[in-house]
Amino acid sequence: MRMRSAGWLAVVLWVSTPVVAAPKLPSVCESVEGDEAGASPRALPEEVAKALDAIVRSELSQGPVAGLSVAVARGEQRWVCGYGYRDVTKRLPATPRTTYRMASVTKSFTAVAVLQLVEQGKLSLDADIHTVVPTYPAKQWTVTVKDLLGHLSGVPTYDGVASTTNVKAVSTEEALAVFSQKPLAFEPRSRYLYSTWGYNLLGAAVEAASGQSYRDYLREHVFQPAGMAHADLDVTATRDEHQAVGYRVKDGVLKPSRFLDVSSRFGGGGTRGTVGDMLGFGRAVLSHRLVSRDTMGKMQASMATSDGRLTDYGMGFATYPLRGHYLVAHAGGQPETTTLLVMFPAEDTVISLATNIEGEAKRLRRLSIRLMEGVLEQGVTRRDAHFTDPVDSVVYEGLGRIASYGLAYHLWATRGPGSLPADEDLPGAFARVSELLDRKAIGRDGKAALERIRGGHDPRLGSVFIRVGAHMARTLEKAQGPERLLAYPAEGPLSFFADYLAACDAQGVPDTERFGEPLRTDLLRFVAGWKRAEVPELRRQRLDEESNPEPRWAVVKKAAGLSPDVRPDYSDEMLRIAEGFAWRKQQAGRLRWLERAVELQPRSVDARLALSQALLVAKRDEEVLGHLREALATPQGMVALAPTPLLKRVAEAESPRVGLGLLRAAVALHPESPELWEALAKREKAQGHKAEAKAALRQARRAREARPEPSVDPASRSGGDRGAGPVPDDHGLVRPRPSP
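Just so it is clear, the model here is predicted, and its values are computed rather than measured.

Attention now moves to the side chain of R608. Its place among the elements puts R608 in helix α25 (residues 605-617). Notably, R608 is buried but unbridged: the nearest opposite-charge side chain belongs to E630, and the N-O separation is 4.3 Å. In terms of polar contacts, R608 uses its side chain to reach the side chain of H627, at 2.8 Å. For R608, the residues in contact, after removing those within four places along its chain, are V598, P602, H627, E630 and A631.

Relative orientation of the contacting elements helix α20 (residues 493-507) and helix α21 (residues 517-533) amounts to 130°, with a least axis distance of 10 Å. It follows from the interaxial angle that α20 and α21 lie oblique. The way α20 lies across α21 gives a crossing that is left-handed. Of the residues in α21, those touching α20 at L494, F497, A498, L501 and D505 are R520, L523, F526, V527 and W530. Residue composition of the contact of α20 with α21, grouped by class: eight nonpolar, no polar and two charged.

Scored by pLDDT, the protein comes out at a mean of 90, with 91% of its residues at no less than 70. Every residue in residues 1-22 scores below 50 in pLDDT, and together they form 54 contacts with partners more than four places removed in sequence or on other chains. Taken together, the stretch residues 710-738 has pLDDT below 50 and engages in 91 contacts with residues farther than four places along the chain or on a different chain.

Turning our attention to the environment of R525. By secondary structure assignment, the location of R525 is in helix α21. Taking the relative accessible area as the measure of exposure, R525 reaches 31% and is therefore partly exposed. When the C-alpha atoms of R525 and V566 are compared, they prove to be 8.6 Å apart, with 41 residues separating the residues in sequence. Not counting residues within four places of it along the chain, the set of residues in contact with R525 comprises D392, R439 and V566.

Thresholds applied
Residues numbered from 1 in each chain as written. Predicted model: local features only at pLDDT ≥ 70, side-chain atom pairs only at ≥ 80, totals over all residues. Heavy atoms only, no water. Helix = DSSP H or I, 4+ residues; strand = E, 2+ residues; numbered from the N terminus. Buried < 20%, exposed > 50% of the residue type's maximum accessible area, 1.4 Å probe, protein only. Lys, Arg positive; Asp, Glu negative; His and termini not counted. Salt bridge = Lys/Arg side-chain N within 4 Å of Asp/Glu carboxyl O. Polar contact = N/O pair within 3.5 Å; in protein donor to acceptor, adjacent residues only side chain to side chain. Contact = heavy atoms within 4.5 Å. Axes fitted to C-alpha atoms, helices over the stretch in contact; angles between N-to-C directions. Parallel < 35°, antiparallel > 145°, perpendicular 65-115°, else oblique. Left-handed = near helix turned anticlockwise from the far one by under 90°. Nonpolar A, V, L, I, M, F, W, Y, C, P; charged D, E, K, R; others polar. pLDDT = per-residue confidence, 0-100.

Written out as structure tokens, the structure is:
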């Protein structure tokens, strides 16, 4: 269970085994000379750069590829490379100098500009935006600058095709006029709704408070101080031969992007730059060169709704724990581009990614996590645990959240600009955690227990997971030293809890700051099962990054048989292998690996859903409902397959036929949902099935009559859906899975 960190050395050892055969893509890397005297910037060690290069090439070995630029910095060390082509037709390579549309990463630039003006006394976070930007009319409720920064304002988001297809340059006033007469979607702070229009208002506020144009202000006060030499607004006049040509994927083939003039979303998505520019911005953020440390700490803190739910978004940044790291980030997506900026304040690390293929958010997120593992986790492949007992799975998720929130917030507060919730009544917090993880309560209603656990970090529940987890981290830091804490993100929550229990015994920690016997018993059982089923040679190797994963199947299946109750979860890797077969149009291979994923992890909701979609592609529709019922029988499935998240899955389906098949299964799972029946009616009509569409509409009317007041899905609660609403282009950094 214990891996004592050896820093970069562990990464050097890890790279000795190649990940996968590299695709034949051109790559151009920035030349950064190392300096014995410690001048900056310095190149990452050669072995580390090779490891990161292998990670990127492995990712690019699957799926259509145009251009991708990658930058990583840890402290003063940096690595910047471009892969593939910024222009596929002309075979022009992507390089560190290639510029991409930044899309919604622009929001972070705008937020910094706003907070600079707040520090100068030229803006107030509590100001009514109508008083700052008079052309925006007063609404039924006051909308403050702070509300807009955190997407809590109620200002709506894109609401139709016309608002996302602008092809002409517009002024600030014209950009605001698109939405200024629309009413607020809800009372400010009562909900979270990601809104690029809200950030256009903030861009206008920057102009009003500074007396400069938005472009001039950013160039002088954000881009120049951050060393963003190639950053600018994305208008025709600022583009040069280094600008990437944009593409989209249709039917597995690259097609040119449609044109969109982004002056219509200037404050929320109107800039361009290189990955080096993003890296420079991230370094400036972490070193507090743009705003003060205190201000940056407030920007990086998640805001909360009025009923006490964290939104995972601060002032201009998505912000939340990721496996024990405190992550501060923003993603962007528009025609021509997908971008991602990720910062780890406690570890002084920045990762920036940009591609000229739109709709690649999942790929960039996956790649950023693999780069994080290489830089911060010694190349260890972190896997979740799979349980056959639904109570065990909920308990384990609770353990994971306590460990992740505790470690992340403790490190953010001690090594970064963050702060912890008030540490009041610690014995009461431990007692509350014990209640949340009580096996009897979970057994009575697993879904409700899971939803409570997923809110254990919220202020409305006293932030008990943060407070208890941070206390555990402090105790371990005192017992084992500060460097030991840095190993837990790679080792996982079982190691964190086991070490804490040992430290309690060694240091005589009061009973009020310990966990009861049932949890101790669970933990020992989990650890023992994991050790029996773990495959040591896969600790630093993912199945999907092997050139031929087939021989591994027998190995992991045999290991899983040694521990039927708990074992490492390989479903993410197996689903990724299946995606590769799907991209190559090899449906038999796709089905084979998805069926294996379900066989190995039968209670995996993601595996069942992926297999269901593949079965629809294979026209084995009659098998789909059974798999979805099995998934729905788990507490996680009850949440993930509620009507609202199911509708989102349908919207993301790989083809209209698959979407229709999922909807037909969905109404069988939830016949009481009028929303599902209405969506089915639209799909049936679009497919030319008039009789089926009319029948679905009749069912929708009956469902509405039986439920006059629509209920709210847990997944659509305040703070639960950071991407709520139709946001086809710009988007925030959305976690695909609920576990941190």
